[in-house]
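One letter stands for each residue in the lines below.
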Amino acid sequence: MVADPSPRDSKAFAAAEPVANDGRALILMGSHGAAARCCSRDKVRGCLRANLLVLLTVVAVVAGVALGLAVSGAGGAQALGRERLNAFAFPGELLLRLLKMIILPLVVCSLVGGAASLDPSALGRLGAWALLFFLVTTLLASALGVALALVLKPGAAFAAVNASVGAAGAAEQHPSKEVLDSFLDLVRNIFPSNLVSAAFRSYATQYETSQMNGTTVKVPIGHEVEGMNILGLVVFAIIFGVALRKLGPDGELLIRFFNSFNDATMVLVSWIMWYAPVGILFLVASKIVEMDDVGLLFASLGKYILCCLLGHAIHGLLVLPFIYFIFTRKNPYRFLWGIVTPLATAFGTSSSSATLPLMMKCVEENNGVAKHISRFILPIGATVNMDGAALFQCVAAVFIAQLNRQPLDFVKIITILVTATASSVGAAGIPAGGVLTLAIILEAVSLPVVDISLILAVDWLVDRSCTVLNVEGDALGAGLLQSYVDRTESRSQVPELVPVKSELPLSPTPAPTEEGNPLLIHYRGPIGDATTSEKESVM
């Protein structure tokens, strides 16, 4: 037998037990603390890994500015010479060539696949209203961007000080055309005579002088000039995609081909974006080396960023909420408060596609949008609704035109608006996806694509504001459609409910409880005054 412990032993055991418990608690607390530290490290690593491309881009911009200032301080372009300067800028030139290479497959495949995926008969009235909303808001955003850039003139001061002989020569080679000839050239480029030549040539009217009866007259002569006819390719791709959808099952194979081609193009785009920090570094450095007044360049870029952010703020805080209020008579800012988390996610990830699942959850739970509406409209909006991208592209196009002292007439402004609206449909919902379509707009109005390097240098900041505006437009579109559906359903139910309510009090006695009476089954559920025995008799 085991002897009972003495009182002294029991006291010692009781005193030792809390110490053991405290030791176990300390061990558990230490393990929890280690797990928390490990979890926090994993979160930091995940955040760095998710934003690695953005961090590399920012580092490349800073390093490019430092390298360019160092080379400029050592003598600049005069000390390097033309050959060494070209070799110095070659990595950046390679990035521009890669971006221009991807324009043609990006435009054709994305627009054909996007137009073919939107079946008008399947969309119905709901989809038609959604597409109309997306189209109108994108056009408004493009017009706002052009107007702000023309008013604030972010590149005008720099162009006036740093004018070059090449820009003046270009102005002499391209004299101002007649309004009628410019409009006819626009229509001719919308309907190209040869799709193969439209991939690298466009139609333009030029003038030759001739003597007639002793007076000098301008004779308009049409020529095919170097430069991709983006507008014609965009129109053809959209119409061709709609035609493929009209074929039904016979066109599915070709639609899958273009969708697969588009997916492969997006993979190429992601690869090019990983090379982008290297190209941006040398593009920024070489641009600074070439400039005579670097401070004025930074001031122009600051005005460009201000113009983009101001346009996004006006469109996102005034224009879109005003449209929402006009059609729903509800507070739009309460709706925006319900999607603060997706908007913050959009700013952090700079990807509308990555924000899509969280946006669906918030508009359904916080703003009362039905699932069948949010899951139908939001994926379409993430593809075709790019208000922020369209506004930024228009500002960038006008900014580059001002840098190169190229005037923008009415036809060129219309071309920028139409091309920005159409190309924003094909913009990838990934970081820096709008910069790729900016090259399309520059090609459409014959502006130098090389100046895209300035846009790439600050795109890491502007692109976040673009994404926030894109996803806000998608969410407000879903809210508008929910309001439209609610009004439609209430109007369709009112004529059916009024006669039922007016006829019920006219019956002096309750209806007989016959088992096969259909009126008993129809009215007892909604009215709710049937007894248990009556319900049992019905069953």
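Residues numbered from 1 in each chain as written. Predicted model: local features only at pLDDT ≥ 70, side-chain atom pairs only at ≥ 80, totals over all residues. Heavy atoms only, no water.

**Q** Explanation requested: the overall build of the protein in the structure shown.
**A** When its secondary structure is counted, the protein shows 23 helices and 2 strands. Expressed as a percentage of the 539 residues in the protein, the buried residues total 42%. In the protein, 78% of the contacts between residues at least 6 apart in sequence involve partners at least 24 apart. On the protein, roughly 28800 Å² of surface is accessible, and the fraction owed to carbon and sulfur atoms is 67%. (Helix = DSSP H or I, 4+ residues; strand = E, 2+ residues; numbered from the N terminus. Buried < 20%, exposed > 50% of the residue type's maximum accessible area, 1.4 Å probe, protein only. Contact = heavy atoms within 4.5 Å. Areas by Shrake-Rupley, 256 points an atom, 1.4 Å probe, with all protein chains shown as cover.)

**Q** Honestly, the state of the cysteines in this entry has me stumped. Any pointers?
**A** By definition, a disulfide links the sulfur atoms of two cysteines through a covalent bond. Taken as a whole, this structure holds 0 disulfides when the rule is applied. Cysteine cysteine 307 is unpaired, with the sulfur of cysteine 308 as its nearest cysteine sulfur at 6.0 Å. (Disulfide = S-S within 2.5 Å.)

**Q** I keep staring at the nonpolar core and nothing clicks. Help me out?
**A** Looking at soluble globular proteins, one finds that nonpolar side chains tend to be buried together. Counting residues in hydrophobic clusters, the biggest one holds 71 residues, and the most contacted among them are Leu95, Tyr304, Leu442, Ile452 and Ile455. Looking at which element gives the most residues to this core, the answer is helix H18 (residues 387-403), with 11 residues. Judged by nonpolar contacts, the second largest core, of 32 residues, contains Tyr324, Leu336, Ala346 and Leu476. (Core = buried A, V, L, I, M, F, W, Y, C linked by side-chain atoms within 4.5 Å.)

**Q** Teacher, can you tell me more about the environment of isoleucine 440 here?
**A** With respect to the element layout, isoleucine 440 can be found in helix H20 (residues 433-444). Exposure remark for isoleucine 440: the relative accessible area of 3% places this residue in the buried category. Note: C-alpha distance between isoleucine 440 and leucine 104 (336 residues apart in sequence) is 8.8 Å.

**Q** Teacher, can you tell me more about the pattern of salt bridges here?
**A** Pairing between side chains of opposite charge can happen when the charged atoms of each approach one another. Within the structure shown, the criterion is met by 2 salt bridges. Put simply, lysine 361 and glutamate 365 hold a salt bridge, and the shortest N to O gap is 3.2 Å. One end of the pair is lysine 361 and the other is glutamate 365, both in helix H16 (residues 352-365) and 4 residues apart, which spans about a single turn. Residue lysine 361 is classed as partly exposed on the basis of its relative accessible area, which comes to 44%. (Salt bridge = Lys/Arg side-chain N within 4 Å of Asp/Glu carboxyl O.)

**Q** Can you help me understand the environment of asparagine 194 in this one?
**A** Summarising the element assignment, asparagine 194 is placed in the loop between helix H9 (179-190) and helix H10 (195-198). For the pair asparagine 194 and glycine 232, spaced 38 residues apart in sequence, the C-alpha separation works out to 9.8 Å. At 2.9 Å, the side chain of asparagine 194 forms a polar contact with the backbone nitrogen of valine 196. (Polar contact = N/O pair within 3.5 Å; in protein donor to acceptor, adjacent residues only side chain to side chain.)

**Q** Any chance you could explain the packing of helix H11 (residues 230-246) against helix H12 (residues 252-290) here in plain terms?
**A** In a pair of packed helices, the angle between the axes and the distance between the axes together describe the arrangement. Following both chains from N to C, one finds H11 and H12 inclined at 140°, their axes separated by 8 Å at the closest point. Between H11 and H12, the interaxial angle falls into the category oblique. Two secondary-structure elements touch here, H11 through Phe240, Leu244 and Arg245 and H12 through Glu252, Leu254, Ile255 and Phe258. Class assignment for the residues of the contact of H11 with H12 results in 5 nonpolar, no polar and 2 charged. (Axes fitted to C-alpha atoms, helices over the stretch in contact; angles between N-to-C directions. Parallel < 35°, antiparallel > 145°, perpendicular 65-115°, else oblique. Nonpolar A, V, L, I, M, F, W, Y, C, P; charged D, E, K, R; others polar.)

**Q** When you look at the packing of aromatic side chains in this model, what are you seeing that I'm missing?
**A** Aromatic rings in a pair are described by how distant their centres are and how their planes are angled relative to each other. Across all of its chains, the model carries 9 aromatic pairs by this definition. Aromatic pair phenylalanine 236 and phenylalanine 240: ring centres 5.5 Å apart, planes at 15°, arrangement stacked. Of this pair, phenylalanine 236 and phenylalanine 240 both sit in helix H11, 4 residues apart, which is roughly one turn of that helix. Exposure remark for phenylalanine 236: the relative accessible area of 36% places this residue in the partly exposed category. Relative accessible area serves as the criterion here: at 27%, phenylalanine 240 is assigned to the partly exposed category. (Phe/Tyr/Trp six-rings, centres within 6.5 Å; stacked < 30°, edge-to-face > 60°.)

**Q** What exactly am I supposed to notice about the side chain of serine 483 here?
**A** Mapped onto the secondary structure, serine 483 falls in helix H21 (residues 452-503). Apart from residues no more than four positions distant in its own chain, serine 483 is found in contact with Phe327 and Thr328.

**Q** Even after reading the chapter, I still don't get a nonpolar patch on the surface, so can you show me in this structure?
**A** Together, Trp129, Leu132, Val136 and Leu140 make up a nonpolar patch on the protein surface, roughly 350 Å² of accessible area in all. Take valine 136: it is sitting in helix H6 (residues 120-152). Judged by relative accessible area, which is 38%, valine 136 ranks as partly exposed. (Patch = residues over 30% accessible without salt bridge, like charges linked within 9 Å, V, L, I, M, F, W, Y side chains within 5 Å.)

**Q** Explanation requested: the packing of helix H4 (residues 90-101) against helix H5 (residues 103-117) in the structure shown.
**A** Between H4 and H5, whose axes approach to 4 Å, the crossing angle comes to 30°. Between H4 and H5, the angle falls in the class roughly parallel. Within the contact between the two elements, H4 uses Leu99, Lys100 and Met101 and H5 uses Ile103, Leu104 and Pro105. In terms of residue class, the contact of H4 with H5 is made up of 5 nonpolar, no polar and 1 charged.

**Q** What exactly am I supposed to notice about H11 here?
**A** Counting along an α-helix, one turn takes 3.6 residues, and residues three or four places apart therefore face a common direction. The end-to-end C-alpha distance of H11, which contains 17 residues, comes to 25 Å, matching closely the 24 Å that a straight helix rising 1.5 Å per residue would cover. Glycine 248, located one to two residues past H11, shows a positive phi value of around 75°. (Expected span 1.5 Å × (residues − 1).)

**Q** Can you walk me through the confidence of the model for the protein in this structure?
**A** Any segment with low pLDDT has predicted coordinates that should not be analysed in fine detail. This prediction gives the protein a mean pLDDT of 74; 72% of its residues lie at or above 70. Within the protein, the element-level pLDDT minimum falls on helix H8 (residues 165-173), averaging 37, and the maximum on helix H14 (residues 332-337), averaging 92. Low pLDDT, under 50, characterises residues 494-539; the stretch is placed with 20 contacts to residues that sit more than four places away or in other chains. (pLDDT = per-residue confidence, 0-100.)

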